Amino acid sequence: SPAMILGGNPGGDTDFWIARTNNNDTTDNDFFQIGQTLTPGTLPRLTLNNVGNIGIGTSTPWATFSLMGTAGTNPFGIASSTGASLFSILQNGYVGIGTSSPVAPLAVSGEVYADFFTAASTTATSTFAGSVNIGGGNLFYNASTTVTSISSLELGNIAFDADAGVISWVNLPV
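The text that follows walks through the structure, step by step, so that each part is easy to find. Owing to the predicted nature of the structure, the values given are computational and were not obtained by experimental measurement. (Residues numbered from 1 in each chain as written. Predicted model: local features only at pLDDT ≥ 70, side-chain atom pairs only at ≥ 80, totals over all residues. Heavy atoms only, no water.)

### Points about the overall build of the protein chain
- When helices and strands are tallied, the protein chain shows zero helices and 13 strands.
- N-terminal to C-terminal, the α/β element order of the protein chain is β-β-β-β-β-β-β-β-β-β-β-β-β.
- In the structure as shown, the protein chain presents an accessible area of about 13200 Å², 58% of it carried by carbon and sulfur atoms. (Helix = DSSP H or I, 4+ residues; strand = E, 2+ residues; numbered from the N terminus. Areas by Shrake-Rupley, 256 points an atom, 1.4 Å probe, with all protein chains shown as cover.)

### Some details on the pairing of strand β13 (residues 147-150)
- Bridging between strand β12 (residues 139-142) and β13 involves four bridges; their strand directions are antiparallel. Of the residues in β13, the one forming a bridge with Asn142 is Val147.
- Between β12 and β13, which pair antiparallel in sequence order, lie four residues; one of them, Thr146, sits at a positive phi of approximately 55°. (Pairing = 2+ DSSP bridges.)

### A word on the sheet that holds strand β8 (residues 85-89)
- Reading across from one edge, β7-β8-β9-β10 is the order of the four strands in this open sheet, with mixed pairing throughout. On the outer flanks of this sheet lie β7 (76-79) and β10 (106-108), each paired with one strand and no other. Direction aside, the axes of adjacent strands within the sheet are offset by 10° on average.
- Of the strand pairs in this sheet, strand β9 (residues 95-97) and β10 are connected by three bridges, and their pairing is parallel. Residue Val95 lies in a different strand from β10, and its bridge partner there is Leu106. (Axes fitted to C-alpha atoms, helices over the stretch in contact; angles between N-to-C directions.)

### Quick look at the environment of Phe65
- Note on placement: Phe65 falls in strand β6 (residues 65-67).
- The class of Phe65 is partly exposed, set by a relative accessible area of 46%.
- Sequence separation of Phe65 and Ile54 is eleven residues, and the distance between their C-alpha atoms is 5.0 Å.
- If near-sequence neighbours (up to four positions away) are discounted, Phe65 is found in contact with Ile54 and Ile56. (Buried < 20%, exposed > 50% of the residue type's maximum accessible area, 1.4 Å probe, protein only. Contact = heavy atoms within 4.5 Å.)

Distances and angles like these do not, on their own, reveal function.
Put into structure tokens, the structure is as follows:
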């Protein structure tokens, strides 16, 4: 296959090659690659196959854009001009938005806005760090004071045991 070597200078610097790689059969499935070393075909870093799929870190791109990390590195990350993590995907498949170290399948650092949140099961639970505000203050838990406030509460019928003792009504502000 025709190739061009970029580098070859003494001193141990990084060398690259650019080549059209031919699989030496009669099908039209050759591909274009850029790789690292002085030997075309070894250590391909970018591949464009015959159907237009692009692969980074893989010589066999399986989708329009395929990205494969190497052992010990995370496959994908986007950062701001200051280096702050905006989006990341770890080797274990965890996705981070606003964090480079997600600790769950989806981790978001910052405010989240959604039209709906659906729990995976009827026994699913949620843990909130900090205050919780539901319905514009109708139900509010203040994490710093550990006080829960309810602006309007309807209890319905309340039953007391026959031996409940003396019951008196007290007007409680709710």
